[in-house]
Structures are given as C-alpha cells and as structure tokens.
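Residue-level structure breakdown
Spelled out from the first residue to the last, the chains are:
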Amino acid sequence: MSSLSKRIQSSLVGLKMPRALEVLDHTLSQLEQGELTALEALDSLLNEEYSTREGRRIGVALTTARLTP
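Residues numbered from 1 in each chain as written. Predicted model: local features only at pLDDT ≥ 70, side-chain atom pairs only at ≥ 80, totals over all residues. Heavy atoms only, no water.

Looking at the overall build of the protein
Looking only at helices and strands, the protein has three helices and zero strands in total. Secondary structure elements of the protein, listed N to C terminal, follow the sequence α-α-α. Split into buried and exposed, the 69 residues of the protein put 17% on the buried side. Approximately 5,600 Å² of the protein is accessible, and the part contributed by carbon and sulfur atoms is 62%. (Helix = DSSP H or I, 4+ residues; strand = E, 2+ residues; numbered from the N terminus. Buried < 20%, exposed > 50% of the residue type's maximum accessible area, 1.4 Å probe, protein only. Areas by Shrake-Rupley, 256 points an atom, 1.4 Å probe, with all protein chains shown as cover.)

Here it is as structure tokens:
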C-alpha cells in the first residue's frame with residue numbers, strides 16, 4: 001500500500017470516520033486486485049462522498065423543517 005493511502009487511512013481513523021475508511025479499504029482492495037481501474041476507483045470514492053454529504057443535508061433539512069417560527 002502506498003504511503004499516500006496510509007496517510008489517508010490514518011486521517012480517517014483520527015477523524016473517526018469508520019464508513020469512509022471501510023469504503024476506502026474496499027476500493028483500494030479492488031484496485032490492487034485489478035477489479036477496478038484508477039478512474040473507476042476515483043469515481044466510486046467521489047460517489048460515496050457525494051451520497052454521504054447529501055444524506056447529511058437531507059437530515060439537516062428534515063430537522064430544520066420541524067422547527068417552529
């Protein structure tokens with residue numbers, strides 16, 4: 001594993017982001033086994049980040065919608 005991926009993993013552990021770490025491990029494993037190209041791996045990681053952010057936004061919107069003026 002490259003030093004860059006090790007640094008990313010240690011950052012994700014430090015930030016207590018287990019889901020992101022799990023996705024990164026899985027994607028790197030697929031990349032190393034030749035199941036994904038580098039472009040497909042990047043696309044997978046970006047899609048995960050986008051869906052995570054959208055999930056948080058939806059949660060905030062639902063919580064905010066319950067507030068009364």
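Thoughts on the side chain of threonine 27
Note on placement: threonine 27 falls in helix α2 (residues 18-32). The contact partners of threonine 27, leaving out residues within four places of it in the chain, are Leu36, Ala41, Ser44 and Leu45. (Contact = heavy atoms within 4.5 Å.)

Quick word on the confidence of the model for the protein
Reading fine detail from the predicted coordinates is not recommended where pLDDT is low. Put simply, the protein has an average pLDDT of 75, and 78% of its residues get 70 or more. Mean pLDDT in the protein bottoms out at helix α1 (residues 3-14), which sits at 69, and peaks at α2, which reaches 81. (pLDDT = per-residue confidence, 0-100.)

Points about a nonpolar patch on the surface
Residues Leu39, Leu42 and Leu46 make up a contiguous nonpolar surface patch of about 330 Å² in total accessible area. Take leucine 42: it is sitting in helix α3 (residues 38-65). Judged by relative accessible area, leucine 42 falls into the partly exposed class, the value being 46%. (Patch = residues over 30% accessible without salt bridge, like charges linked within 9 Å, V, L, I, M, F, W, Y side chains within 5 Å. Salt bridge = Lys/Arg side-chain N within 4 Å of Asp/Glu carboxyl O.)

A closer look at the environment of glutamate 48
Using a relative accessible area of 19% as the deciding quantity, one classes glutamate 48 as buried. Dropping the residues within four chain positions of it, glutamate 48 is found in contact with Arg19 and Val23.

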